[in-house]
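# Coordinates in review
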Amino acid sequence: EKNIHNLNPKNVMKRGYSITLSNGRPVTTFNKLKQGDKLNTILYEGNVLSTVNSISKPTDNEQTN
């Protein structure tokens with residue numbers, strides 16, 4: 001029961017995580033985004049609406065496995 005509570009999206013966002021949506025769908029990769037796309041980022045205490053200005057691929061040093 002405690003694990004279910006800790007994995008609730010609201011509780012995860014309390015720890016500083018967010019959910020970013022494009023056209024109502026979660027953004028999981030930059031490959032599907034293009035300049036001018038509108039994004040909705042859901043935070044624990046509100047939402048941020050933004051527009052994609054540029055997209056860059058992470059370098060080998062920035063990628064995590």
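Residues numbered from 1 in each chain as written. Predicted model: local features only at pLDDT ≥ 70, side-chain atom pairs only at ≥ 80, totals over all residues. Heavy atoms only, no water.

Right, let's get into the overall build of the chain. The helix and strand tally for the chain stands at two helices and four strands. The order of helices and strands in the chain, counted from the N terminus, is α-α-β-β-β-β. Overall size of the chain, expressed as C-alpha extent along the three principal axes, is 40 × 30 × 15 Å. Taken across its 65 residues, the chain has 14% of its residues classed as buried. (Helix = DSSP H or I, 4+ residues; strand = E, 2+ residues; numbered from the N terminus. Buried < 20%, exposed > 50% of the residue type's maximum accessible area, 1.4 Å probe, protein only.)

The residue R15 is located in the loop between α2 (9-14) and β1 (19-22) in this model. On a C-alpha basis, the gap between R15 and Y44 in space is 8.6 Å, while along the polypeptide they are 29 residues apart.

A few words on the side chain of S22. Along the polypeptide, S22 turns up in strand β1. Not counting residues within four places of it along the chain, the set of residues in contact with S22 comprises V27, L33, D37, K38 and L39. (Contact = heavy atoms within 4.5 Å.)

What follows is about the sheet that holds strand β2 (residues 25-26). Read across the open sheet, the four strands follow the order β2-β1-β3-β4; overall the sheet is antiparallel. Edge strands, defined here as strands with exactly one partner in the open sheet, are β2 and β4 (46-51). (Pairing = 2+ DSSP bridges.)

What follows deals with the pairing of β4. Pairing analysis gives six bridges linking strand β3 (residues 38-43) to β4, with the strands arranged antiparallel. Each residue of the ladder has a partner; that of L43, found in β4, is G46. Where β3 hands over to β4, the hairpin turn is made up of two residues, counted between the paired strands.

Take it as geometry only, folks, not as evidence of what the structure does.
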